[in-house]
Amino acid sequence: MNMKFSKYFLLGTIILGTINVSNVSWSIKKVNAEELLVQNNVQTQSGVTIDKSNFDKYFTINGSANYDKQSGELILTPDSVWQAGSATSKTQIDITKNFSISMSVNLGTKPQSQSGGDGLAIGLYNDTPGKVGFGGNGFGIGGLNQAFGFKLDTVYNNAGNSDVAADPIEFEDLLHKDGAFAGFIKHESNTLTTIDGLSQEISAPDGNYRELTFSYDANTKNISVNYDGKFWSYNVGTTFSSDHISLIISAGTGNFNNQHSVIVHSLDATLDSEPVMVKYMDENQASIAPDKMLIDTLNAPYDVTSNEYKIPITGYVLDDTKLPNNATGTFTNSEQTVTYIYKVDQSTLDVKDSTIYTGDKWKPQDNFVSATDVDGNKVDFSQLTVDDSKVD
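Residues numbered from 1 in each chain as written. Predicted model: local features only at pLDDT ≥ 70, side-chain atom pairs only at ≥ 80, totals over all residues. Heavy atoms only, no water.

Of all hydrophobic cores here, the largest spans 51 residues; its most connected members are F150, L152 and F214. The residues touching L152, leaving out its near neighbours within four places in the chain, are V105, L107, D118, G119, L120, F139, F181, A182, I202, L212 and Y227. Counting 18 residues, the second-largest nonpolar core is a separate cluster that includes V276, L294, A300 and V338. (Core = buried A, V, L, I, M, F, W, Y, C linked by side-chain atoms within 4.5 Å. Buried < 20%, exposed > 50% of the residue type's maximum accessible area, 1.4 Å probe, protein only. Contact = heavy atoms within 4.5 Å.)

Now for empty space enclosed by the protein. Across all of its chains, the model carries 4 cavities of 30 Å³ or more by this definition. By volume, the largest cavity amounts to about 60 Å³. Forming the walls of the largest cavity are N137, K151, N157, V164, A165, D167, I185, L192, T193 and T194. With 3 residues, strand β13 (residues 191-194) is the single largest residue contributor to the lining of the largest cavity. Here the residues of the lining of the largest cavity sort into 4 nonpolar, 4 polar and 2 charged. Put simply, the second largest cavity is a space of about 50 Å³. What lines the second largest cavity is V105, N106, L107, G108, S203, A204, P205, D206, G207, N208, R210 and Y227. For the lining of the second largest cavity, the class distribution of residues is 5 nonpolar, 5 polar and 2 charged. (1 Å grid on protein atoms, 1.4 Å probe; cavity = no way out; pocket = protein on both sides within 12 Å on 5 of 7 lines; lining within 4 Å. Points joined across faces, edges and corners; volume = space filled by probe spheres on them. Helix = DSSP H or I, 4+ residues; strand = E, 2+ residues; numbered from the N terminus. Nonpolar A, V, L, I, M, F, W, Y, C, P; charged D, E, K, R; others polar.)

The next point concerns the packing of aromatic side chains. The description of an aromatic ring pair uses the distance of the two centres, along with the angle that the planes make with each other. Counted under the stated rule, the structure contains 14 aromatic pairs. Summarising the aromatic geometry, the rings of F55 and F59 are spaced 4.4 Å apart at their centres and angled 10° between planes, so their arrangement reads as stacked. Considered together, F55 and F59 belong to a single accessibility category, that of buried residues. Through successive ring pairs, a cluster of aromatic residues spans F148, F150, F184, W232 and Y234. (Phe/Tyr/Trp six-rings, centres within 6.5 Å; stacked < 30°, edge-to-face > 60°.)

Here the protein averages 83 in pLDDT, while 86% of its residues score no lower than 70. Every residue in residues 1-46 scores below 50 in pLDDT, and together they form 116 contacts with partners more than four places removed in sequence or on other chains. (pLDDT = per-residue confidence, 0-100.)

Next up on the list: the side chain of D167. Within the secondary structure, D167 sits in the loop between β11 (148-153) and β12 (180-188). Classification of D167 by relative accessible area gives buried; the value is 7%. For D167, the contacting residues outside a window of four places in its chain are K151, D153, V155, Y156, N157, F181 and T194.

Note that A180 resides in strand β12. For the pair A180 and Q112, spaced 68 residues apart in sequence, the C-alpha to C-alpha distance is 8.2 Å. In this view, A180 contacts D153, T154, L174, Q200, E201, I202, S203 and A204; residues no more than four positions away in its chain are not counted.

What follows is the structure in structure tokens.
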């Protein structure tokens, strides 16, 4: 008589929980912007410097815009018709202090004669951060309250409308040749207008990046611009009725189009509100994960009580007895720190394999040897959760 039997190997899985984390760090760093500001005769003042490492933490990316944190390239519009993209500051700039922005600018590859357009601009306005104005030849600035900016215009518009005035007549010949011009723009009397007598011809789009600096002197209220070896200056005087203004970098296309992009090297400014930094420390006050940063307008609320901020960290567990009392609050003009304390995870689980044969009975505790909780205390098998779906 022949007898058959089967042999099975059983690996019991007892689930205590797993912890994984993957974070990307960012930083705010103070730098000496003297080399940049000397060009425009503006003295550096205390503030924050925004560069590619933290640009997307201080700016909201809108519309067709796309930001590459690795390269620092901000593509405002793709090379397609009727696109509008911008980056708007999340908080406002204090214009009782100097500020300056340095960037590389690429206006695209096609001049107007090849249907390239419309250009890009940097603007300031007295309104809630994040607002965006008219697209196309409004450059995202038209329609914004007390708006003032500097445009790099690659399409000459000889006919205006109620929203945007016609371009200066002295650049009309750009309709018939490959050219472009740059100058200051201002939104007043419900119309965006190019300020007379202050624009200059610039190189037509050719796919190359060119350097631009935009600086403000709080003492004189002068805004000065250096672009591709040329210089512009304008006194904004009483343009703004507030000492706190919002910033926008924007571009648009219409029937004519180009890819418009910038790389912001530094924005040195004093902000009306300072960040909230979320830190992750062990019981010895050593950092165990990269900080997180939040920024918003002055007096706006913040809340870092969600799992987005109570992050899992391998080898540690959050100490619920030491939660911060400032995990909710409002943004102020001083930097705030919220610290989450983590303790070493002492949880352990020791199990063994079982070999059973056809007809044998098995229960999960046959594989259990011992376990401890996060504080190292012994755990009885009855306190564990068994995942039967993972039994082989």
